[in-house]
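Each chain, written out:
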Amino acid sequence: MTQIAQYRETFINYLEEKVTVTEPKNLYEPIIYILQLGGKRLRPVLTLMTAEIFGTSHKKALDAALAVEVFHNFSLVHDDIMDDAPLRRGKETVHEKWDINTGILSGDAMLILAYQLFENYEGKTFRALAELFSKTAIEVCEGQQYDIDFETRNNVTIPEYLKMIEYKTAVLVGAAMKMGALVADASEQDAQGIYDFGRYLGVAFQLQDDYLDAYGDPKTFGKQVGGDIIENKKTYLYLKALENASEANQETLTKLFATQPEDPTDKVEAVMNIFNESKAPEAIKTAIQDYTTRAFQLLQTLNIGAKEKQLLQAFGEQLMNRTV
């Protein structure tokens, strides 16, 4: 995966060059902090990769890639405030390191900065990028609201949950890829095809994230393991467990997800036992494979070379098998 590593390195260098601390420092330092916490840089790498796959230098897509990454991190800053999350990528969240007001305002500035980056493109490319970005941004907000609503609902269905993660996570992955195609002036059919490829991959990515939240190694995962359980989030694991568990375990699980004890250790352990007994981990792994397969099937419809298809498939396989 040397080529992907090169895209990532190029992007990080560009980020460090373009995003610097200016006055007022209390507005911009949190932005630099969250952007430099690391992460997989999945979305910007996909933007750069897609531009080259459709025959354009990845350098032309750097501003679009940076816009995607800035927007993604803006959403993380605000999500962490709403979730009262203490850690992000193993470090203090912005609102913990500074305060909530700083987190809100710096996040707002990041959203504006993301839009500004599209101004570096001309004519129809600028308009296409801006339209896609606006559509994606509102869908991400809708997905976040669904996520919040589900915390207090006891009748969430698996289709509803899949729609939520499609909006909250997957559409931004799809948009990141489509932006690369738009910068490369790819055909409308190919731009839509690569968007759908990214969207399916994004659902698989989020399902993998759900799995790792419960079963990941805290040393590599970078977030609090069991966080979704503590926050009573109706993830795929929870919904499958509720669907497959015995009547007694269904009742116990529902009661556990109506509590928020000061020390959640016993709650997390009890929930995990029910997950395991109901074979929820096996079910979510099957779903991850299904969405990844759908993404790979779409590759065959794209007007790109075999080498490019292999690159995209290898990247998808790497995501599916990740531990962080």
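Residues numbered from 1 in each chain as written. Predicted model: local features only at pLDDT ≥ 70, side-chain atom pairs only at ≥ 80, totals over all residues. Heavy atoms only, no water.

1. Focus on the packing of helix H8 (residues 158-183) against helix H12 (residues 236-244)
- The geometry of H8 relative to H12 is characterised by a closest axis approach of 10 Å and an angle of 175 degrees between their N-to-C directions. Put simply, H8 runs roughly antiparallel to H12. From H8, Ile158, Tyr161 and Leu162 reach across to H12, where they touch Tyr236, Leu239, Lys240 and Glu243.
- Classifying every residue of the contact of H8 with H12 gives five nonpolar, no polar and two charged. (Axes fitted to C-alpha atoms, helices over the stretch in contact; angles between N-to-C directions. Helix = DSSP H or I, 4+ residues; strand = E, 2+ residues; numbered from the N terminus. Parallel < 35°, antiparallel > 145°, perpendicular 65-115°, else oblique. Contact = heavy atoms within 4.5 Å. Nonpolar A, V, L, I, M, F, W, Y, C, P; charged D, E, K, R; others polar.)

2. Focus on the nonpolar core
- Core analysis: the largest hydrophobic core is formed by 72 residues, its most contacted members being Met49, Phe197 and Leu312.
- Looking at this core element by element, the count peaks at 11 residues for H8.
- What Leu312 contacts, discounting residues up to four positions off in sequence, is Met49, Ile53, Met177, Ile194, Phe197, Phe296, Leu299 and Ile304.
- Membership of the second largest hydrophobic core comes to 36 residues, among which are Leu162, Ile165, Leu212 and Leu256. (Core = buried A, V, L, I, M, F, W, Y, C linked by side-chain atoms within 4.5 Å. Buried < 20%, exposed > 50% of the residue type's maximum accessible area, 1.4 Å probe, protein only.)

3. Description of empty space enclosed by the protein
- Counted according to the given criterion, the structure contains two cavities of 30 Å³ or more.
- Of the voids in this model, the largest cavity is the one considered here, and its volume is about 50 Å³.
- Lining the largest cavity are Asp210, Asp213, Ala214, Asp228, Ile229, Lys233, Thr235, Leu237, Phe257 and Phe275.
- At three residues, helix H9 (residues 188-215) tops the list of elements feeding residues into the lining of the largest cavity.
- Of the residues belonging to the lining of the largest cavity, the class tally is five nonpolar, one polar and four charged.
- In this structure, the second largest cavity encloses a volume near 30 Å³.
- Lining of the second largest cavity is provided by Leu201, Ala204, Phe205, Gln208, Ile288, Thr292, Gly316, Leu319 and Met320.
- Secondary-structure elements contributing two or more residues to the lining of the second largest cavity are H9, helix H15 (280-299) and helix H16 (306-320).
- At four residues, the largest contribution of residues to the lining of the second largest cavity is made by H9.
- Broken down by class, the residue content of the lining of the second largest cavity amounts to six nonpolar, three polar and no charged. (1 Å grid on protein atoms, 1.4 Å probe; cavity = no way out; pocket = protein on both sides within 12 Å on 5 of 7 lines; lining within 4 Å. Points joined across faces, edges and corners; volume = space filled by probe spheres on them.)

4. Digging into helix H2 (residues 25-35)
- For H2, every residue scored as buried is listed here: Leu27, Pro30, Ile31, Ile32, Tyr33, Ile34 and Leu35.
- Those residues of H2 hidden inside the fold are in contact with helix H1 (2-18), helix H4 (62-83), strand S1 (87-88), strand S2 (91-92), helix H5 (94-97) and helix H6 (100-117).

5. Overview of the packing of aromatic side chains
- Throughout the structure, instances matching the rule amount to nine aromatic pairs.
- Measuring from centroid to centroid gives 6.2 Å for Tyr200 and Tyr291, while their planes differ by 45 degrees, and the two rings are tilted. Of this pair, Tyr200 sits in helix H9 while Tyr291 sits in helix H15, placing them 91 residues apart in sequence.
- On the basis of relative accessible area, Tyr291 is assigned to the buried category, the value being 12%.
- Ring centres 4.3 Å apart and planes at 35 degrees place the aromatic pair Tyr238 and Phe257 in the tilted group. Taken as a pair, Tyr238 in helix H12 and Phe257 in the loop between helix H13 (247-256) and helix H14 (265-277) lie far apart in primary sequence, 19 residues in all. Each member of the pair, Tyr238 as well as Phe257, carries the same accessibility label: buried.
- Taken together, Phe71, Phe74, Tyr115, Phe118 and Phe133 form an aromatic cluster joined through their ring pairs. (Phe/Tyr/Trp six-rings, centres within 6.5 Å; stacked < 30°, edge-to-face > 60°.)

6. As for unusual backbone geometry
- A cis amide bond, omega -5 degrees, links Glu23 with the succeeding residue Pro24.
- Relative to the assigned elements, Pro24 resides in the loop between H1 and H2.
- Positive phi, close to 55 degrees, is recorded for Asp84, a residue that is not glycine.
- Tracing the backbone through its elements, the reader meets Asp84 in the loop between H4 and S1.
- Its relative accessible area of 54% is what places Asp84 among the exposed residues.
- The backbone of Arg89 shows a phi angle near 55 degrees, a positive value even though the residue is not glycine.
- On the secondary structure map, Arg89 appears in the loop between S1 and S2.

7. Observations concerning H4
- Relative to the 32 Å expected for 22 residues at 1.5 Å per residue, H4 spans 31 Å between its end C-alpha atoms, a close match to the ideal helical length.
- Burial runs high along H4: 20 of the 22 residues are buried.
- Phi turns positive, to about 55 degrees, at Asp84, one or two residues after H4. (Expected span 1.5 Å × (residues − 1).)

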